[in-house]
Amino acid sequence: MREKFKVQGSSFKVLVFVFLLPTVYCLLFTAVEAKVYIDISSPAFKKLPIAIPEFSGPSGKEISDIIRDDLEFTGLFLNIDRSAYIENPSQSFNPRNWSPIGAEAVVKGSVKEERDLIVIVSLYDVFEGKEILKKEYKAGRELIRPLSHTIANDIYKTLTGETGIFRSRIAFVAEDEDGKGIYIMDWDGNRITSTGLKGNIILTPRWSRDGSKLIYSAERNRQWSIYLLDFTSMTERKVFSSKGTNMAGDILPEGNDFIFSSTKDGNPDLYSMSLKGDNSARLTSSHSIEVSPAVSPDGQCIAFVSDRGGSAQIYVMRRDSSDVRRITFEGSYNTSPAWSPKGDRIVFSGRRGATNQIFIINPDDTWLTQLTTQGNNEDPSFSPDGRHIVFTSDRDGFKGIYIMRANGESQKRITPKNLRAFGPRWSPI
Amino acid sequence: MKKIFVLVLILAFGLILTGCPPRKIVQPEPVKPVVTPEEVKEKAVEVKPEVRPEVRPEVRPEVRPEVKITEQPLVKAEPKEVEAPKYIEEKVVFKFEDIHFDFDKYDIRPDAKPTLKTAADWMLKNPAAKILIEGHCCEIGTNEYNLALGDRRAKATRDYIVALGVASGRIEMISYGEERPICTESKEEECLKRNRRAHFVVLKEAGK
């Protein structure tokens, strides 16, 4: 009997092995399909030297400058200054004009203006002396920036194999003489537009995963309510209201439910509810403050702020409220958690000394890294590719919105000096 | 047993040959330089399965069909009308002093107790009066946490007054977090500590 069992056991192993083999075989060959010029996931990647001559034709300079700035901000490209170029824009591409100045990729383009702007763009691989992308784009004059960002996205995709973020947007709160309102701008701070949504206090705009909705909270006539803005119809709908303080947290990935913080039962606790207003569930019930819930990209975990240990700290729990663990142990005031798109990092604002700074940590409380040092820095959130972070800072003497790479490099303000702006959230796409 | 085993093996090899999803044909072409010569060494085992047509510099690929860039214009949304509040601020009556709190704390300090006693006494003498307690914070920290903290401060204040005999239904609460500081001149502690407060407003029915 024992003997027989053994035979069955080993043949079962063989069985598993032979059935696994084709899977491994398939995986192996899918992994090597596309050529990648910069392996951006490698920690030792080398910046790709790129040349982007001014495009010919109307608005050619503006378009090629936007593309150059987009690519340069990623930190993955080494932009070769136009003054070094040998080939003039009217000549056709010749790799011998580019390899002496170190360019490995060249972007050339021409613009025609008819009813629309029509741009023809070519991307060249200097080593192989060949064109690796050629495409024609068309857009109304007023969409010159989205047009240029689309071209930058295609170039980025061709060279890195990854999807670019150059058409993503940022929702934020700004204050003018009429009070506070929700605004939308391009990721680079251009085209700031008011949504028309106001409140005595309005805060925490949070995107749905498909980018079609925003959830936020507002205090109007001494009433804190949570609202939903639908971009397709540009209509606002109240999704939750009660006595007390109600603050939007996050829309869950499936898009039907949201999580929020409310004092409706007396204490700041976390709840979930459907956007239709039913299926309310209580996620925490303690005598402490629970606030700022943020759902992980896979929808399985919730990061939040609690003072249950005596000071404001960041905790992570499963969506069903089980398995609560504290992830911040340094400092006595850590708030505003936001997940990276892969769910492998959490960015937050922590108080050190007399200022608030942005930190990044793994959800298992390892690899704590400080990213900012100047002024007070708050409200961090990731770009859709996880490579950048947007946040609020008062380092220039007033509150404004800043972006940086996820390693803290290239910090810059993107909102103008005369606009008091805060609470930014990067769109998910 | 052995027969079954052989059969399984045959089946499995059949699966290897047919089991993969349809894919691009992997050309057994020689390795081409990938960006830098150093990288070629590392990637020597990689086969380049690109099915792009081989293009010589002088032969240009077809211009791909044009992409029309569009964008939904962002029209202004109309905020929902909010119900008019039932009670509004009564400005002329009794003026309560603010009470203050320690940083990131919401427990009632001993120095606040006389003020709360005065407030409770006034409430008991004026049984028709309603009040609103506003919870406020200093600007340190994040809006959301401060709104929760302001809520706790308002609630702690209300609970104290209720414990002195005032009906809880006569006290409304709201948190303004760090959004409505009374001292904005500096970021020094002297100024910040004045903002960590509970503020009292006497209410009257709207329209009266």
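Caption draft 1: A look at the overall build of chain B. From N to C terminus, chain B includes five helices and six strands. In chain B, the order of α-helices and β-strands from amino to carboxyl end is α-α-β-β-β-α-β-α-β-α-β. Here chain B holds 208 residues, and 26% of them are scored as buried. Pairs at least 24 apart in sequence give 70% of the contacts found in chain B among residues at least 6 apart.

Caption draft 2: Quick peek at unusual backbone geometry. Despite not being glycine, Thr-204 of chain A shows a phi value in the positive range, around 50°. In this structure, Thr-204 of chain A sits in strand 9 (residues 201–207).

Caption draft 3: Expanded view of the nonpolar core. Counting 133 residues, the largest nonpolar core has Ile-50, Ile-67, Ala-105, Ile-155, Phe-172, Tyr-216 and Ile-389 of chain A as the members making the most contacts within it. Top element by residues in this core is helix 4 (residues 143–163) of chain B. It accounts for seven residues. Beyond its immediate sequence surroundings of up to four residues, Tyr-216 of chain A is in contact with Ile-182, Ile-202, Leu-203, Thr-204, Pro-205, Arg-206, Tyr-227 and Ala-248 of chain A.

Caption draft 4: Representation of helix 2 (residues 60–73) of chain A. Residues and elements named next belong to chain A. Counted at 1.5 Å a residue, the expected span for helix 2 with its 14 residues is 20 Å, and the 20 Å between its end C-alpha atoms agrees. Among all positions of helix 2, only Ile-63, Ser-64, Ile-66, Ile-67, Arg-68, Asp-70, Leu-71 and Phe-73 are buried. Summarising the contacts, the buried residues of helix 2 are in contact with strand 1 (48–51), strand 2 (77–79), strand 3 (105–113), strand 4 (117–125) and helix 4 (144–160). Gly-75 occupies a position one or two residues after helix 2 and carries a positive phi of about 80°.

Caption draft 5: Representation of the pairing of strand 18 (residues 301–306) of chain A. All names here are of chain A. When you tally the buried positions in strand 18, you get five out of six residues, the bulk of the element. Pairing geometry for strand 17 (residues 290–295) and strand 18, over four bridges, is antiparallel. Looking at the pairing, Ala-294 lines up with Ala-303 of strand 18. What sits between the antiparallel neighbours strand 17 and strand 18 is a turn of five residues, in which Gly-299 has the positive phi angle 75°. Where strand 18 hands over to strand 19 (residues 313–318), the hairpin turn is made up of six residues, of which Gly-310 adopts a positive phi near 105°.

Caption draft 6: Summary view of the packing of helix 2 of chain A against helix 4 of chain A. All names here are of chain A. Close contact between helix 2 and helix 4 brings their axes to 9 Å; oriented N to C, the two are set at 50°. When the axis of helix 2 is compared with that of helix 4, the two are oblique. For the crossing formed where helix 2 meets helix 4, the hand is right-handed. Residues Glu-62, Ile-63, Ile-66, Ile-67, Asp-70 and Leu-71 of helix 2 form the contact with helix 4, whose own contacting residues are Ile-144, Arg-145, Leu-147, Ser-148, His-149, Ile-151, Ala-152, Ile-155 and Tyr-156.

Caption draft 7: Up close: the sheet that holds strand 26 (residues 388–393) of chain A. Residues and elements named next belong to chain A. Spatial ordering of the open sheet is given by 25-26-27-28, a layout of four strands whose pairing is antiparallel. Only two strands of the sheet have a single neighbouring strand rather than two, namely strand 25 (377–382) and strand 28 (412–413). Sheet analysis places strand 27 (residues 400–405) next to strand 28, joined by two bridges and oriented antiparallel. Residue Tyr-402 lies in a different strand from strand 28, and its bridge partner there is Arg-413.

Caption draft 8: Seen up close, the packing of helix 3 (residues 113–125) of chain B against helix 4 of chain B. Residues and elements named next belong to chain B. Direction vectors running N to C along helix 3 and helix 4 enclose 60°, while the axes themselves pass 9 Å from each other. By the angle between their axes, helix 3 is oblique relative to helix 4. Between helix 3 and helix 4 lies a crossing of right-handed hand. Facing Leu-116, Ala-119, Ala-120 and Met-123 of helix 3, the residues of helix 4 in contact are Thr-157, Tyr-160 and Ile-161. In the contact of helix 3 with helix 4, the residues fall into six nonpolar, one polar and no charged.

Caption draft 9: Quick peek at the sheet that holds strand 11 (residues 223–230) of chain A. Residues and elements named next belong to chain A. Here we have four strands laid out as an open sheet, ordered 9-10-11-12, and antiparallel in their pairing. Among the strands making up the open sheet, the edge pair consists of strand 9 and strand 12 (235–241). Between one strand axis and the next, the sheet turns by 25° as a mean value, whatever way the strands run. As paired strands, strand 10 (residues 213–220) and strand 11 are joined by eight bridges and run antiparallel to one another. Bridge pairing in strand 11 links Glu-219 to Trp-224.

Caption draft 10: The arrangement of the confidence of the model for chain B in detail. All names here are of chain B. Predicted confidence across chain B gives a mean pLDDT of 76, with 66% of residues reaching 70 or more. When mean pLDDT is compared element by element in chain B, strand 3 (residues 99–100) scores highest at 97, while helix 2 (residues 37–42) scores lowest at 37. Throughout residues 14–61 the model reports pLDDT below 50, and contacts reaching past four residues in sequence, or to other chains, amount to 46 contacts. For this predicted complex, the interface score ipTM comes out at 0.84, alongside a pTM of 0.82.

Caption draft 11: The environment of Lys-412 of chain A, seen in detail. Residue and element names in this part refer to chain A. For Lys-412, the location among the structural elements is in strand 28. The exposed category is assigned to Lys-412, around which 10 C-beta atoms lie within 10 Å. Put simply, Lys-412 and Asp-188 are 224 residues apart on the chain and 9.9 Å apart in space, counted from C-alpha to C-alpha. Among residues more than four places away in sequence, those in contact with Lys-412 are Tyr-402 and Ile-403.

Caption draft 12: Spatial organisation of the confidence of the model for chain A. Residue and element names in this part refer to chain A. When pLDDT is averaged across chain A, the result is 90; 92% of the residues are at 70 or more. The weakest mean pLDDT in chain A belongs to helix 1 (residues 2–31) at 46; the strongest belongs to strand 18 at 98. Considering only residues more than four positions removed or in separate chains, one finds that residues 1–10, a stretch of pLDDT under 50, has one contact. In this model residues 14–18 is a low-confidence stretch, pLDDT under 50, and it forms four contacts with partners more than four residues away in sequence or in other chains.

Caption draft 13: Local environment of the environment of Glu-66 of chain B. Relative to the elements of secondary structure, Glu-66 of chain B occurs in strand 1 (residues 64–68). Separated by 124 residues in the primary sequence, Glu-66 of chain B and Glu-190 of chain B place their C-alpha atoms 63 Å from one another. In this view, Glu-66 of chain B contacts Glu-136, Tyr-137 and Lys-138 of chain A; residues no more than four positions away in its chain are not counted.

Caption draft 14: Representation of helix 3 of chain B. All names here are of chain B. Compared with an ideal rise of 1.5 Å per residue, which puts 13 residues at 18 Å, helix 3 spans 18 Å between its outermost C-alpha atoms and is within 8% of the ideal. Buried within helix 3 are the following residues: Leu-116, Ala-119 and Met-123. In a view along the axis of helix 3, the buried residues occupy a sector of 60°, so they form one face of it. Seen from the open side of helix 3, the exposed residues pointing more than 90 degrees away from its buried face are Pro-114 and Lys-125. Tucked inside the fold, the buried residues of helix 3 contact strand 3, strand 4 (130–136), helix 4 and strand 6 (197–205).

About the cut-offs
- Along each chain, the written sequence defines residue order, and numbers are assigned to residues from 1.
- Both sets of labels track the order of writing: A upward for chains, 1 upward for ligands.
- Totals for whole chains, interfaces and linings use every residue, but because this is a predicted model, local features are given only for residues with pLDDT of at least 70 and side-chain atom pairs only at 80 or more, for both listing and counting.
- Going along the chain from the N terminus, every DSSP run of H or I of four or more residues is numbered as a helix, and every run of E of two or more is numbered as a strand.
- Here exposure depends only on C-beta density: within 10 Å of a residue's C-beta, 20 or more other C-beta atoms make it buried, 12 or fewer make it exposed, and intermediate numbers make it partly exposed, the C-beta atoms being placed from the backbone.
- Whether two residues are in contact depends on their C-beta atoms, placed from the backbone: they are in contact if these lie within 7 Å.
- As used here, a nonpolar core is made of buried Ala, Val, Leu, Ile, Met, Phe, Trp, Tyr and Cys residues. They are joined through C-beta atoms within 7 Å.
- One less than the residue count of a helix, multiplied by 1.5 Å, gives the span that helix is expected to have.
- Whether two strands pair depends on DSSP finding at least two bridges between them.
- For helices, the axis comes from a line fit to the C-alpha atoms of the stretch in contact; other axes are also lines fit to C-alpha atoms, and the angle between any two N-to-C directions lies between 0 and 180 degrees.
- Should an angle lie under 35 degrees it is considered roughly parallel, over 145 roughly antiparallel, and from 65 to 115 roughly perpendicular; all remaining angles are considered oblique.
- Handedness of a helix crossing follows the sense of rotation of the near helix relative to the far helix, less than a right angle counterclockwise being left-handed and clockwise being right-handed.
- For this classification, the nonpolar set comprises Ala, Val, Leu, Ile, Met, Phe, Trp, Tyr, Cys and Pro, the charged set comprises Asp, Glu, Lys and Arg, and every other residue, Gly included, is treated as polar.
- The predictor's confidence in any single residue is recorded as pLDDT, a number from 0 to 100.
- Directions pointing from the helix axis toward each C-beta atom define the arc.

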